[in-house]
Amino acid sequence: MARENAIFRPLRRAGEGREGEKRVKPKRYFDYMLLFMILFLISFGLVMIYSISAYNATKYYDDATLFVRNQAIYAVLGFVLMLIVAKFDYHWYVAKLKIHKKFQPSLLLIGYIICIALQFYVWRWGDGTNGSNRWIPLGKSFKLQPSEITKLLMVLLVAYLAYIAPKKLDHFSGFFRILFYSAPLVFLVAAENFTTALIMVGVVFAVPFITSRKKGYFFFSLALAFVAGIGLIQMEGYRRARIDIWLDIENTPGGYQILQGLYALASGGWFGKGLGNSIQKLGYIPEVHTDMIFTCIIEELGIVGGFFLVAIYGVLLVRLFKVAVHAPDLLGSLIVVGVFVQIAMQAVLNIAVVTNTIPSTGVPLPFISYGGSSLVFLMIEMGFVLNVSNQIDYDAAPQQ
Amino acid sequence: MSSNSTRPQKRKKILTRKMQVRFIAVFGIVILAFLFLIGRVVFLKQKHGIDYSNAVLSHQSYVNTNIPYERGRITDRNGTVLAKNVVTYNVILDPGVVNANNGMYVDATVKAITKAFSLNASDIRDILKNNPKSSYYILLKGRPYEEVSAFKKLQEDNHKYVKGVWFETVFTRVYPYGSLASHVIGFVNNDNSAGGGIELQYDSYLSGKPGRESGYYDAELNLIKKTWPAEDGDTIVSTIDVAVQTAVENNIKRYNVETGCKNIGVLVMNPNNGEIYAMASNEGFDLNNPRDLSAFYSAEEIAEIGSDGARLSEALNAMWRNFCVNDTFEPGSTFKCITVSAALEEGVAGAKNTYYCGGVAELDTYKIHCNNRSGHGLLDLEHSLMRSCNMAMIDIASKLGRTTFRSYQDRFGLGRKTGLDLPGEAKGILIDAQNLNEVELATSSFGQGFNVTMVQMAAAYSSIVNGGYYYTPHVVKKIVNASGATVYEAKNTISARTVSKYTVDFMRRATLSTVEGGTATPAKVKGYLVGGKTGTAQKGRRADGKYIVSFIGSVPADNPQVVIYVVIDEVNSETLYNSSKPATTLASQILQEILPHLGLYPSEGEIDYGVDYTGEEFDDEHGAKVEGPEGDEGKN
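Residues numbered from 1 in each chain as written. Chains lettered and ligands numbered in written order. Predicted model: local features only at pLDDT ≥ 70, side-chain atom pairs only at ≥ 80, totals over all residues.

K.L.:
Tell me about helix α4 (residues 107-125) of chain A, residues and numbers included.
P.N.:
With 19 residues, α4(A) extends 26 Å between its outermost C-alpha atoms, agreeing within 8% with the 27 Å of an ideal straight helix rising 1.5 Å per residue. What α4(A) keeps buried is the set A:L108, A:L109, A:Y112, A:C115, A:L118, A:Q119 and A:V122. (Helix = DSSP H or I, 4+ residues; strand = E, 2+ residues; numbered from the N terminus. Expected span 1.5 Å × (residues − 1). Buried ≥ 20, exposed ≤ 12 C-beta atoms within 10 Å, placed from the backbone.)

Encoded structure:
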């Protein structure tokens, strides 16, 4: 396809000389502050997971540290992957691979095709959990959630599409090109996992929005997407039911989990009941250590504790912002913008769900919620950011 | 577009200042969203804080319920149940929860209660109205399981609105035989703590582990339930035989009616393994009502005692005391079996030895009289036992010497706990070897001056007649857990060897002679070879003239299968107060009843006693008189 060849064209690294020229190795910048923020959030998450899951872990598995141990293993795995990704120059994702004279795809193109295949596979034959087919079983105890990979790829894809022709985004046609390439993935993900699709759409809109100078057509597109979202909700029965629950949480059957979460949120007070003292975690909130963990953090640490957690997210986002601003080229900046949007949306959506601000939908609290694949892929994303930050010229680095 | 793709890059593309501004705008939206959500949490707290906090507290009782365990049962050796449980429930109302959320739970809850229990709706509404903030109101007590499960079903059907009712399980311990073997079995207090006997000794086995049931609702409103069943307590199989125990207690009751005394203790055991068939301390108390003193005191006395805490607990403890185990006394002449056995073992006496009894011995400044004040004359060893001659014992003990004598008290397990599996076993009090001077050694030789428990004496005597094996006496045969597996079995281990075969043979013969032609003739049982020894001991101050009389015996004398020990404290009779006759007679009556139960049947016709007894009748034995230099001051 001519069009695809045009998009996935070879790219020379910014600031790099032509072949044969000797490169001067600049002094590299590494964002230790960002690394520290990540480790802090993960450690805080482990403490809260232990506090909140110990009761249920003892009750059902006779092993109080089961969940926190699992999460710690994933954290270590994610950390290693993050460091590896941080060393893997982000330009390579879009560089041509010389497999054959006539076939020189980039990693991004290969990933794009694989993601479509995986999403198609789960859509048709995936393992059913919670009424949706989101998982591909790998062996006995490990399950792969392809939408996590797709989410990752989406950041690279949108950043790359915006990067190769930023000026085109001033017109609807440029934006349409991004929509065109991301649509198959978004729709395949949306069929099974609405929240992840929503986050992906966020990236699809945010990155061009930042890059483009004209934005009238964005609002038109947003309105269109909104209508499409409502149509999708009407199609899927259980999403419709969730809206009913949202509207009358106290009296609609099925609102139990969210209502119990609200009980926890509202009973914590300003300073909470103290670490480990949550009552709602004692079997009242189902799966409290995953998506609902924020409610028991508030119950134990109070609104003040919850505010500090949100503030830490804010500081993390400030770091991402600084890395994006100082990135060596637009591609790096936009990759960081994509990661920024994903983490911000996840945190906002999660807290919005547990406070019953929006209808219930499954989204983990980034870095905190129990869940191996979510954590590992988040850390791979942070690996992208560290990689971008690593290529910042020291002189141009943000002040610590 | 194609031209764009082929055109070489002119300048580095970066995030321009304008893009940064738009990025800040996006960041601003995120910050606003965060602030809004924090505000939302504050709003939830302000609007619903109190209601939701109450909801958190009220939910707790529902999802987490305790499942009570059943306390283990106690049975006799043949499986007859001596202690079991009946389960009932207290219905607890929590008006605070029922009235919550503007009374939206009241109607459904009241309806469910009236449907399941026989209560008036208006009464419940009054309770709810009068105790609006209370959280613990006992609505009903002791309801059966059927009513409770009916309510629970109603509650499950309408769990959203039926709230604030829960149940306390109450186990009532029931003893089907009332006062039978009360001191051995023990009882359970209202707070479920054990009070004495097997109940206390084996509390850790009898107690189980409570189970738990909890549930929650998942997103689809399905109740997810998980149950950890309770672990019931273990069943204790005791060595007690209900038939034997009943016979013993009936005879005690009859004796108390006919003659009366201060106290009676009876112990029946198997000399060949230490199992106790029956153990009775007077008439016992009602295990189903262990604090009821009415059997021992009049109504006025109870009213008086009840108002005084110290006196009440004293009275109760006196009633709960197991005389056979917790109390000590001077054994008197039954101890002569041990003195003679020791002498035979040490070779200081033999069957052919003879002793002269002049009726009185003068030691130090004391005069010690024999039971026959004019003296028994010349006696061989067997006759010295048959006639219970103190002079012969004094002679033997002095030949043994204080150290050897004392070591035999040790060897027969006196002065220390036997290891019987009942609480509060007494050790008894012995005189140390260095204090066993001439007089003390002399009085000790016939069982005066030191204290023993009934269990100690029965175990020691058993070891003499059973062939020289000392078995630890015990009341529990085995322990079976709730699933039927045996978790403990009493091992009939020999804890000591006491005497050799020669001594055993002599003692079996001598005790048979004592019953057939000596001081214990009333203990005879027709058709059986009964062996035994009587005892009459002065209590405390010799001048008080109070006696404790006893008989210890074994059947059949030549190969004992049963040992019986009867101790009567202060016989209520002017003629027999210092005679062992009440004890021997009572023993005979009990034996006659229990032996067939224990598989020992009387022989028909003539029995070859195999002993040469004279057929003479002897006077009843009397306790040794010890006169001090001041005349009437007794000496222990």
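K.L.:
Could you give me a rundown of the environment of B:G350, with the residues and numbers involved?
P.N.:
Position of B:G350 among the secondary structure elements: in the loop between α15 (336-346) and β13 (354-357). When the C-alpha atoms of B:G350 and B:F506 are compared, they prove to be 9.4 Å apart, with 156 residues separating the residues in sequence.

K.L.:
Break down the pairing of strand β18 (residues 476-480) of chain B for me, with residues and values.
P.N.:
All names here are of chain B. Pairing between strand β10 (residues 235-238) and β18: four bridges, direction antiparallel. Looking at β18, one finds that T235 is bridged to V480. Inspection of the sheet shows β18 paired to strand β19 (residues 486-489) by three bridges, in the antiparallel sense. Bridging across to β19, K478 finds its partner in E489. Counting the residues that bridge the hairpin from β18 to β19 gives five residues, and of these G484 lies at a positive phi of roughly 95°. (Pairing = 2+ DSSP bridges.)

K.L.:
Describe the sheet that holds strand β22 (residues 547-555) of chain B, with residues and values.
P.N.:
All names here are of chain B. If you trace the five strands from one edge of the open sheet to the other, you get β12-β11-β23-β22-β21, paired in antiparallel fashion. Looking at strand neighbours, the two that pair on one side only are β12 (276-281) and β21 (531-538), the edges of this open sheet. For this sheet, the mean inter-axis angle between neighbouring strands, taken without regard to orientation, is 10°. Along the sheet face, helix α20 (residues 454-465) touches β11 (261-269), β21, β22 and β23 (562-571) and points at about 145° away from the line of β23. Contacts between helix α22 (residues 581-597) and the sheet are confined to β11, β21, β22 and β23, with β23 contributing the most and set at about 145° to the helix. (Axes fitted to C-alpha atoms, helices over the stretch in contact; angles between N-to-C directions. Contact = placed C-beta atoms within 7 Å.)

K.L.:
An account of the packing of helix α5 (residues 146-164) of chain A against helix α12 (residues 330-354) of chain A is requested, with residue identities and associated values reported.
P.N.:
Residues and elements named next belong to chain A. In the contact formed by α5 and α12, the axes pass within 8 Å of each other and the chain directions differ by 140°. In terms of axis orientation, α5 runs oblique to α12. Here the hand of the crossing between α5 and α12 comes out right-handed. Where α5 abuts α12, its residues K151, V155, L156, V158, A159, Y160, A162 and Y163 lie against L330, L331, L334, I335, G338, V339 and Q342. (Parallel < 35°, antiparallel > 145°, perpendicular 65-115°, else oblique. Left-handed = near helix turned anticlockwise from the far one by under 90°.)

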